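Residue strings, one per chain:
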Amino acid sequence: ECQARLAAMQANRLAVEADCRQDVSFDFLALQRRKIYARLTGPAHWWPHGQLRRWASAVMTVLVVAGGFLVYEEKQTRHTNQSAISDAQLALQVSGMAQDGEPQSTAPLQALFEE
């Protein structure tokens, strides 16, 4: 079985080599040259299709990031406006903190040390 497969592969290889040894016709080479010259002298496309796809994905990424940033900024602005306090309320809170000797954040810690 292996011998038969080897013989088939060798026959295939000889057929391919025989095709490669044949001379290419002058007409075929002339046709190829004409096609090459036509492409070289034709109008150059300033925006190849491959470049378009590459830039389209980059543009979409920038648009998505910019849209996310705008949504985030809108939410932050709305949250800041809702949580804004008046100057009188701020002065009252600051004076309350100044009068209290212990900050609110350390009150739970003080309870740990009391007996």
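Please refer to the structure higher up on the page.
The structure reproduced in this document is the subject of the present report. What you see is a predicted model; the values in this text were computed from it and never measured.

### Section: the overall build of the protein chain
Along the protein chain, the regular secondary structure elements total five helices and zero strands. For the protein chain, the proportion of its 115 residues judged to be buried stands at 1%. Of the accessible surface of the protein chain, which amounts to about 11400 Å², a share of 62% is contributed by carbon and sulfur atoms.

### Regarding a nonpolar patch on the surface
Taken together, the side chains of Val 24, Phe 28 and Leu 29 present a nonpolar region at the surface, about 250 Å² in accessible area. Residue class for Phe 28 comes out partly exposed when judged on its relative accessible area of 43%.

### Topic: helix 2 (residues 26-41)
Helix length check: helix 2, at 16 residues, gives a terminal C-alpha distance of 22 Å against a target of 22 Å (1.5 Å per residue), a fit within 8%. Counting buried positions along helix 2 yields one of 16 residues, so the element is predominantly exposed.

### Considering the pattern of salt bridges
Once their charged atoms are close, side chains differing in charge can pair, the charge on each being opposite to the other. Tallied over the entire structure, the rule returns one salt bridge. Linking Arg 13 and Glu 17 is a salt bridge whose minimum nitrogen-to-oxygen distance equals 3.2 Å. Of this pair, Arg 13 and Glu 17 both sit in helix 1 (residues 2-21), separated by four residues, roughly a single helical turn.

The rules behind these values
- Think of each chain on its own: its residues are numbered from 1, step by step along the sequence as written.
- In keeping with the model being predicted, local features are shown solely for residues with a pLDDT of at least 70 and side-chain atom pairs are shown and tallied solely at 80 or more, while totals for entire chains, interfaces and linings include all residues.
- Water and hydrogen atoms play no part in the side-chain values, which are based on all heavy atoms of the structure.
- Helix numbers and strand numbers start at the N terminus; a helix is a DSSP run of H or I with at least 4 residues, a strand a run of E with at least 2.
- Any residue under 20% of the maximum accessible area for its type is buried, any over 50% is exposed, and the rest in between are partly exposed; the area is computed with a 1.4 Å probe on protein chains only.
- For the accessible areas, the method is Shrake-Rupley and the probe is 1.4 Å, while residue cover comes only from the protein chains on display.
- Patches were defined on residues exceeding 30% relative accessible area and lacking a salt bridge, with like-charge contacts within 9 Å and nonpolar side-chain contacts (Val, Leu, Ile, Met, Phe, Trp, Tyr) within 5 Å.
- Any carboxyl oxygen of Asp or Glu within 4 Å of a side-chain nitrogen of Lys or Arg constitutes a salt bridge here.
- How far a helix is expected to stretch is found by multiplying one less than its residue total by 1.5 Å.

This is a description of form; function is not addressed.
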